[in-house]
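One-letter residues, chain by chain:
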Amino acid sequence: MTILVALLFAVVSVASHANTDNKNPEDVNYHLPCTDYNPQRTAFFGDTHVHTKYSLDASTQDTRTTPAQAYQFAKGEKIGVQPFDSDGKPTRFQQLSRPLDFAMVTDHAELLGEVHMCNTPGAEGYSSWQCWGYRTFPRAAFFLFNATATRGIRLGMCGDDGELCRESGMAPWTEMIEAAELAYDRSENCDFSSFIAYEWTGTSDNVANLHRNVIFRNAEIPRLPISFIDGMAAELLWDNLDTQCINGGKGCDVVVIPHNSNLSDGQMFTTTRRGRQINAEDASQTARFETLAEVMQHKGSSECFFGAGPSEDELCDFEQLPYDKFSGKFSSWAKEAPSADDGYLREVLRDGLREQQRIGVNPFKWGFIGSTDTHLGLPGAVEEKNFLGHGGAGTPAEAGVVSLPDDLEFNPGGLAVLYAEQNTRDSLFAAMKRREAYGTSGPRMAVRFFGGWDYPNDLCSSTDFVQQGYEDGVPMGGDLPARKATPDATSAPRFAVQAMQDPGITGEPGTPLQRIQIIKGWVDSQGQSQEAVYDVAGDANNGATVDLSSCKTSGKGFQNLCTVWQDPSFDNQQNAYYYARVVENPSCRWSQYICSANKVNCANPDTIPAGLEACCSDDHRPTIQERAWTSPIWYTADPQ
C-alpha cells in the first residue's frame, strides 16, 4: 500500500509558470524547470544522515529539533539546541556558514511510535511504566528500548501484536513527510532538495552496526517505514522494499545506503544468505538497492584499516574508533580493537571482485559519500572550529560546564556530494543510482574523476576537461569496459583527476590542497587481496604545518591540482577498482580549536581547566588532514 503525498504544493504558483515539466501540481514529481541546468553536471553538497527528536537516541539526550527545523538549518537558518533553561529556551545555537544544497531527515524507523507515544499526553500507552521510565530515567530507557528492538520485539505498552506502536508511528512519519515536502524548492530557483527518508536500524546479536538509510525518490512511499522489527536481516529489508515500493507500479523507487561499517564487526556486508552462499540473483538485488556507502561520518572513517593487515597506507590512520562495534562504546567487556576484516570499505570492495569472479555479479559496487549522523538535528554542521557535537556520546550537554562537546574519538562528520544536471529530486536521485558521487570529511573541495583509454597527457590544460572526460570515458562510479590489448603501453587505462580547494567564505578561504592519490584494489590469481596507493599530483613533503597554540596554518599548498595518470602495473585480465583521494594540508582538529581557545598548555598543568583534561590525553589528535574520496571506477576484464 502506498500514499500519494501531495501536501501544500500551492507554495508554487502554477498560474504564473505555464512551462512546467509536470503540469499537474499534485504529481509527486512536480517541479518547475530549473534556471540553472548544467548538462555536464554540477557538484551539489548535502547530508544524507540526520536525526531529530523522533529518534530514541536523540530524544533521550533532550534533542528537541523537529524535522522542519532540521531542514531550516540545512537551508541556512540559525536554530537552538540543548541544554535548555528552566523556561525551555536553548542555551546553545548553531548556524551553517554556507547552506546545503540537499538533505534528508533519517530518523530511526524502530521505536518511532514508542518515542511519540511516550511524549504525547493522552496517547494510549503514555501512562505505561515503560513510558514513565522513558520520561524519568531517559538514559536507562535508551538501553531498555534499544535492547528490545535489537531482539526484534516490541515493548509491552505496544500491545500483544505491536499494533499500538506501529500506528503511533504514523504521526511522526507524517510529520517527516510533510517537512520534506515543504522544504523542497519546486520553483525555478532550485535552491534546495529534500528527500523522504528514514534509518533501518539493524543490529547483530553482539550489537554490531548493520544500519542503513532508506531514501525515496519522491513522495510515493510505503504506508510506514519498514523497520528491523519487520524483518531482522538486510535481505528482508530489500524484499519488503521490492514488495511495498518497487513492484507497486506507481513510481516508488528507493536507494539504500549502508553506513559507518567501521562499527559492524565485519557483519554489514555478507556473502551468505539464509545459511548459504549468495547467488547471482542475490548479488543483483544487493547491488540494485545499495549503490552508495558511507565512507565518513561522525563515528569515524570506514575507508580502510590502519594496522596489521594488507594495508600499509599511512593515511588510513584517520578518524578510526578504538572499538569495532557499538557494544564496545558502552561496555569494557565487549570492547575489542578493530581489525582489517571488520567491514572497512576498501577490503569489502575486493570481496565484491571475488564474488564477481565466482558468480558473475559484484554485490558491493558502491559509490562513496560522507554525512554527519547528527543526533542534534544539525545537517551539514561539519566545521571543525564551530563543532557543538552531534550527540554521539548519547548524553545531553550540561549548561555552564567547560568541556568538550562530544567524546574525543568522534568528529564533525562529512558531506555527501552528488553530480547532477540540476538540484531536483529526480536529478540527484539519478546521481545516487549511477554512483556519480563522492564524500568529504567536511570541506567542500570540487573533485572530478574520469577513467578512459585515450585521454591526452595535456587534458588538464584543456578548456573542455569535463566534456572530454565524459565523451572519452566514464565518470566516478562508472564501469570502464575492457578493450583488446595492444602491444604498447597505451593498452592500460588512463585516469583524469581534478581537484579544487574549498573556496571557503569571504575573508576565510579553505585549506590548501596537499596531494591527490589514486588507490587501486584487485584480487590476485591466488585469491589474495592486493592494493596500491599512488601519489599522482601535489607534494606530500610540502612542509605545511599548523601552530597548535593559535591553529594558524602555514606552508605551501595548492589551490588546484590536476593530472592524467596511467596504471603502471595494469593487467588486462585482472578485474580492479580505482578511486581518487584528495588530501588537504594539516589543520586543527575540532578538539584542538577548543583546547587552543582555552589556552591549554599541556606542559603546564595550571593551564588545564577542569573538564578539558582530554586536551592532554594520549588519545587526543590535535591535527587533521581533511580529505575527499571519489566513488570508484571499475575495470572488468574481457572474458577470454
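Above: the structure in question.
Below or above, wherever it landed, is the structure these notes cover. (Residues numbered from 1 in each chain as written. Predicted model: local features only at pLDDT ≥ 70, side-chain atom pairs only at ≥ 80, totals over all residues. Heavy atoms only, no water.)

**A closer look at the overall build of the protein**
Reasoning step 1: A tally of regular secondary structure across the protein gives 14 helices and 30 strands.
Reasoning step 2: Its C-alpha atoms give the protein a radius of gyration of 24 Å, within 12% of the compact-globule value 26 Å for 640 residues.
Reasoning step 3: Considered along the principal axes of its C-alpha atoms, the protein spans approximately 80 × 70 × 60 Å.
Reasoning step 4: Within the protein, buried positions represent 59% of all 640 residues.
Reasoning step 5: The long-range share in the protein, meaning contacts at least 24 apart out of those at least 6 apart in sequence, stands at 74%.
Reasoning step 6: Carbon together with sulfur atoms contributes 50% to the accessible area of the protein, which is approximately 24,800 Å² in total.
Reasoning step 7: For the protein, the separation between the mean place of its 51 positive charges and that of its 84 negative charges on side chains is 1 Å. (Helix = DSSP H or I, 4+ residues; strand = E, 2+ residues; numbered from the N terminus. Rg over C-alpha atoms; globule rule 2.2 N^0.38 Å. Buried < 20%, exposed > 50% of the residue type's maximum accessible area, 1.4 Å probe, protein only. Contact = heavy atoms within 4.5 Å. Areas by Shrake-Rupley, 256 points an atom, 1.4 Å probe, with all protein chains shown as cover. Lys, Arg positive; Asp, Glu negative; His and termini not counted. Charge placed at Lys NZ, Arg CZ, Asp CG, Glu CD.)

**Quick word on the sheet that holds strand E13 (residues 300–301)**
Reasoning step 1: On the basis of which strands lie adjacent, the open sheet formed by three strands has the order E13-E12-E14 and mixed pairing. For this open sheet the edge positions go to E13 and strand E14 (367–370), each flanked by a neighbour on one side alone.
Reasoning step 2: One ladder, built from four bridges, connects strand E12 (residues 292–297) with E14; its direction is parallel. Its bridge partner lying in E14, Ala293 is registered against Phe368. (Pairing = 2+ DSSP bridges.)

**Let's talk about the sheet that holds strand E17 (residues 446–452)**
Paired through backbone hydrogen bonds, the strands of a sheet run either parallel or antiparallel to each other.
Reasoning step 1: Strand order in this open sheet of four strands is E18-E17-E20-E25, and the pairing throughout is antiparallel. Unpaired on one side and paired on the other, strand E18 (473–475) and strand E25 (560–566) mark the two borders of the sheet. The mean inter-strand angle of the sheet, taken between neighbouring strand axes irrespective of direction, is 15°. (Axes fitted to C-alpha atoms, helices over the stretch in contact; angles between N-to-C directions.)

**Here's the deal with the pattern of salt bridges**
Reasoning step 1: Applying the stated criterion across every chain, the model contains 41 salt bridges.
Reasoning step 2: Measuring nitrogen to oxygen at the nearest pair gives 2.4 Å for the salt bridge that ties Arg212 to Glu290. Placement of the pair is Arg212 in strand E7 (residues 212–216) and Glu290 in the loop between helix H9 (280–289) and E12, with a sequence separation of 78 residues. Take Arg212 and Glu290: they sit in the same class, and that class is buried.
Reasoning step 3: A salt bridge links Arg515 to Glu314, with the shortest nitrogen-to-oxygen separation between them at 3.8 Å. Linking Arg515 in strand E21 (residues 513–523) with Glu314 in the loop between E13 and helix H10 (327–330), this pair joins segments that are 201 residues apart in sequence. (Salt bridge = Lys/Arg side-chain N within 4 Å of Asp/Glu carboxyl O.)

**Quick word on the packing of aromatic side chains**
Reasoning step 1: Throughout the structure, instances matching the rule amount to 28 aromatic pairs.
Reasoning step 2: Ring geometry for Phe142 and Phe143: centres 5.0 Å apart, planes at 80°, overall edge-to-face.
Reasoning step 3: Looking at Phe142, the relative accessible area reads 9%, which means it is buried.
Reasoning step 4: A residue is classified by how much of its surface remains accessible, and Phe143, at 39% relative accessible area, is partly exposed. (Phe/Tyr/Trp six-rings, centres within 6.5 Å; stacked < 30°, edge-to-face > 60°.)

**Some remarks on the nonpolar core**
Reasoning step 1: In terms of nonpolar packing, the biggest core is built from 102 residues, with Trp173, Tyr198 and Phe216 touching the most fellow members.
Reasoning step 2: Examining the composition of this core, we find that seven residues originate from one element, helix H7 (residues 170–183), more than from any other.
Reasoning step 3: Within the second largest apolar cluster, 20 residues are counted, among which are Leu345, Trp366, Ile624 and Trp634. (Core = buried A, V, L, I, M, F, W, Y, C linked by side-chain atoms within 4.5 Å.)

**Brief notes about the packing of helix H2 (residues 67–74) against H7**
Reasoning step 1: Between H2 and H7, the shortest axis-to-axis distance is 8 Å and the interhelical angle comes to 30°. The angle between H2 and H7 falls in the class roughly parallel. As for the relative orientation of H2 and H7, their crossing is right-handed in sense. Mapping the contact onto sequence places Pro67, Ala68 and Tyr71 in H2 and Glu175, Met176, Ala179, Ala180 and Ala183 in H7. (Parallel < 35°, antiparallel > 145°, perpendicular 65-115°, else oblique. Left-handed = near helix turned anticlockwise from the far one by under 90°.)

**Some words on the pairing of strand E26 (residues 576–584)**
Reasoning step 1: Of all nine residues in E26, nine are buried, a share of seventy percent or more.
Reasoning step 2: Burial along E26 is two-sided: the residues Ala576, Tyr578, Ala580, Val582 and Glu584 and Tyr577, Tyr579, Arg581 and Val583 are all buried.
Reasoning step 3: When E21 meets E26, the two strands line up antiparallel, connected through nine bridges. Across the sheet, Trp522 pairs through a bridge with Ala576, a residue of E26.
Reasoning step 4: As paired elements, E26 and strand E30 (residues 633–636) share three bridges and run antiparallel to each other.

**Overview of the environment of Ser462**
Reasoning step 1: Note that Ser462 resides in the loop between E17 and helix H13 (465–471).
Reasoning step 2: The exposure class of Ser462 is partly exposed, given its relative accessible area of 23%.
Reasoning step 3: For the pair formed by Ser462 and Leu548, sequence separation is 86 residues and the distance between their alpha carbons is 40 Å.

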